[in-house]
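Coordinates in review
Chain by chain, the residues run as shown.
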Amino acid sequence: MQKPTLPKGTRDFGPEQMRKRLFIFDTIRQTFQRFGFQPLETPSMENLSTLMGKYGDEGDQLLFKILNSGDFAGSLTEADLQAGSKKLTPKISEKGLRYDLTVPFARYVVMNRNNLPMPFKRYQMQPVWRADRPQRGRYREFYQCDADVVGTDSLLCEAEIILMIHEVMRNLGMQHFTLKINNRKILAGIAEAIGMPGQEGPLSVAIDKLDKIGKDKVLDELRERGFSEEAITKLEPLFGFDNASTADTLTMLASWLDASTTAQQGVAELQETLQLATMAGLENAQIDIDPTLARGLSYYTGAIFEVKANGVSIGSISGGGRYDNLTGAFGMPGLSGVGISFGVDRIYDVMDELNLFPAGTGQGTQVLIVPFDADARGVALPLVTQLRAVAIPAEVYPDLAKVKKMLDYANAKQIPYVVLIGSEEVQTGQLTVKNMVTGEQQKIAQADVASFVRQR
RNA sequence: GUGAUUGUAGCUCAGUUGGUUAGAGCGUCGGAUUGUGGUUCCGAAGGUCGCGGGUUCGAGCCCCGUCUUUCACCCCA
């Protein structure tokens, strides 16, 4: 018999991992709901026509495609096979697994445009798939938690995203993070300012790597991408933002890029966004205005966000931004939206590495009831029902096994309390409650077990 | 997609220049204890050495392919 294996880049999540993951999901969901976002789920698979072309060429390549059902090769000709995989794909596959949650959301909005209250705020927590090569913090199947608003271009939405990120991080117990913010309009303005208007794409790709490969290599890459020495010289101010405060950064950007109306607009947007966030009561902001922050997804047009955990070498744990025309691709132009996406799997990796999960995260069974014989069940079963009725997770050991075995079971499941019920307990009505951490045990009347366990 | 890297018991790892029957610790299961665990002692189970092919009298060890792991690039949560 062959040993079973998992597909590359996928994982099982055992009970212990799931408890921690649910802690993350619950924390994020609470915040999303508190900010007025409504839940949405969409299918795992979408038509390829919905997905293709939304994430750039690279993204198209990373889409998992689903082979057509039935005789998918039936009508293929020799010429089709010769034409290469790119031409062949649409003939044998018309569906794919979703790559993110934003594009399916845009599709949903367009299909339901007449029934949605605008602005429409939705959150969505589902897996996405990318045919990437797995690495640390990078999986082929992973969960995203998205919150998006469409139907308004108010910067209040950006401000609320900043508030939500701070709230989520703090509720998770991740105190040490950095929220990097930039604006695509500033990137466009930089391209203008150095005499390469419209070239913010290649520019972004290079300068985004600044903190990773350093200034010199960024400049080398720009030269390779056809940027002149003159342009590179004009870019010099970009490298002077390192330790500037938020306010100083904005001032410096405004004066450096004063010739570009686009850039001025970007700076003004950031300014107003921060102002609104402050007005809403944001304290101890962990914001870093970073003009080198780019982000790959091609549909962003305004603010862009990225969250990194400090002191861990895992990529960004959250990212997002404003997109002005995502629904345009589905025949509904002019609908602006802005959103944020939390990467649960990376958040998990960071919290696990830094030991940030609170002790007893998602504690399972609280009380194990151990009847020694069939008579004892007459006491055990009413008791377990009684505990469950007051929301104390409890279970009865199902077999009449040796006590040692049943206590081992409690240890294995880290159950803090065991109620032992033998003939003596049945007769007196005083049950033996054992604290599995301290080893202490005492007699307690059945009616008082719940409140005893509750106290701690 | 490009270039490296890894794989031996459930887990972490030994395994000599290629040489009989592949080992240890931890864990699991049973017992010492017919109403008391996390300590101790005794015992047992568990491996076609990732998979397929090749070289050799002989392969866990050498060669090729493949899958998997990890890492860099690309890109990204």
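Everything numeric in this text was worked out from a predicted model, so none of it was measured. (Residues numbered from 1 in each chain as written. Chains lettered and ligands numbered in written order. Predicted model: local features only at pLDDT ≥ 70, side-chain atom pairs only at ≥ 80, totals over all residues. Heavy atoms only, no water.)

1. Some points on the overall build of chain A
- Scanning chain A from N- to C-terminus turns up 19 helices and 16 strands.
- The buried share of chain A, taken over its 456 residues, is 47%.
- In chain A, 68% of the contacts between residues at least 6 apart in sequence involve partners at least 24 apart.
- In the structure as shown, chain A presents an accessible area of about 22700 Å², 50% of it carried by carbon and sulfur atoms.
- Positive and negative side-chain charges in chain A, numbering 49 and 55 respectively, have mean positions lying 6 Å apart. (Helix = DSSP H or I, 4+ residues; strand = E, 2+ residues; numbered from the N terminus. Buried < 20%, exposed > 50% of the residue type's maximum accessible area, 1.4 Å probe, protein only. Contact = heavy atoms within 4.5 Å. Areas by Shrake-Rupley, 256 points an atom, 1.4 Å probe, with all protein chains shown as cover. Lys, Arg positive; Asp, Glu negative; His and termini not counted. Charge placed at Lys NZ, Arg CZ, Asp CG, Glu CD.)

2. Examining the sheet that holds strand β13 (residues 394-396)
- Here we have five strands laid out as an open sheet, ordered β13-β12-β14-β15-β16, and mixed in their pairing. Taken across any chain shown, the strands that pair with only one partner, and hence form the sheet edges, are β13 and β16 (441-445). Going from strand to strand, the sheet's axes swing by 25° on average, the running direction of each strand aside.
- Of the pairings in the sheet, the one linking strand β15 (residues 430-435) to β16 comprises five bridges and is antiparallel in character. Looking at β16, one finds that T432 is bridged to K443.
- The sheet strands contacting helix α16 (residues 377-389) are β12 (367-371), β13, β14 (417-421) and β15, and the helix crosses β13 at an angle near 160°.
- Its contacts with the sheet place helix α17 (residues 403-412) against β12, β13 and β14, and it is angled at close to 170° to β12. (Pairing = 2+ DSSP bridges. Axes fitted to C-alpha atoms, helices over the stretch in contact; angles between N-to-C directions.)

3. Some thoughts on the packing of aromatic side chains
- In the structure shown here, the tally under the stated rule is 14 aromatic pairs.
- A ring pair is formed by F241 and W256, whose centres lie 6.4 Å apart and whose planes are at 45°; its orientation type is tilted. Residue F241 is found in the loop between α12 (229-234) and α13 (246-256), and its partner W256 is found in helix α13; the two are separated by 15 residues along the sequence. Summarising the burial analysis for this pair, F241 and W256 share the class buried.
- Clustering of aromatic rings is evident, with ring pairs tying together F32, F37, Y123 and F342.
- Above the plane of the ring of Y99 lies R130, whose end atom (NZ or CZ) is 4.1 Å from the centre. (Phe/Tyr/Trp six-rings, centres within 6.5 Å; stacked < 30°, edge-to-face > 60°. Lys NZ or Arg CZ within 6 Å of the ring centre and 35° of its normal.)

4. Description of the pattern of salt bridges
- Enumeration according to the criterion identifies 24 salt bridges in this entry.
- The closest approach of N and O atoms between R138 and D132, which form a salt bridge, is 3.6 Å.
- The salt bridge involving K234 is made with E230; its shortest N-O contact spans 3.5 Å. Of this pair, K234 and E230 both sit in helix α12, four residues apart, roughly one helical turn.
- Taking the relative accessible area as the measure of exposure, K234 reaches 38% and is therefore partly exposed.
- On the basis of relative accessible area, E230 is assigned to the exposed category, the value being 54%.
- A single salt-bridge network, built from bridges that share partners, covers R11, R21 and D345. (Salt bridge = Lys/Arg side-chain N within 4 Å of Asp/Glu carboxyl O.)

5. Re the environment of A329
- With respect to the helices, strands and loops of the structure, A329 is situated in the loop between β10 (318-323) and β11 (337-343).
- Each C-alpha atom of the pair A329 and R107 lies 9.0 Å from the other, and the pair is 222 residues apart in sequence.

6. A few points about the side chain of Q126
- Checked against the element boundaries, Q126 lands in strand β5 (residues 120-129).
- The class for Q126 is buried, based on a relative accessible area of 8%.
- A polar side-chain atom of Q126 sits 2.9 Å from the main-chain amide nitrogen of T42.
- When residues no more than four places from it in sequence are discounted, the contact partners of Q126 are L40, E41, T42, R98, L101, F142, Y143 and Q144. (Polar contact = N/O pair within 3.5 Å; in protein donor to acceptor, adjacent residues only side chain to side chain.)

7. Some points on the UniProt feature "binding site: L-histidine" (unreviewed entry) in chain A
- On the UniProt side, "binding site: L-histidine" (unreviewed entry) is annotated at positions that read D100, L101, T102, R130, Q144, D148, R295, Y299 and Y300 here.
- Tracing the backbone shows Q144 in strand β6 (residues 141-150).
- Judged by relative accessible area, Q144 falls into the buried class, the value being 9%.
- Once you skip the residues sitting within four places of it in the chain, Q144 turns out to touch D100, L101, Q124, M125, Q126, V128, R130, S341 and F342. (UniProt positions renumbered as here; feature names shortened; annotations may be inferred.)

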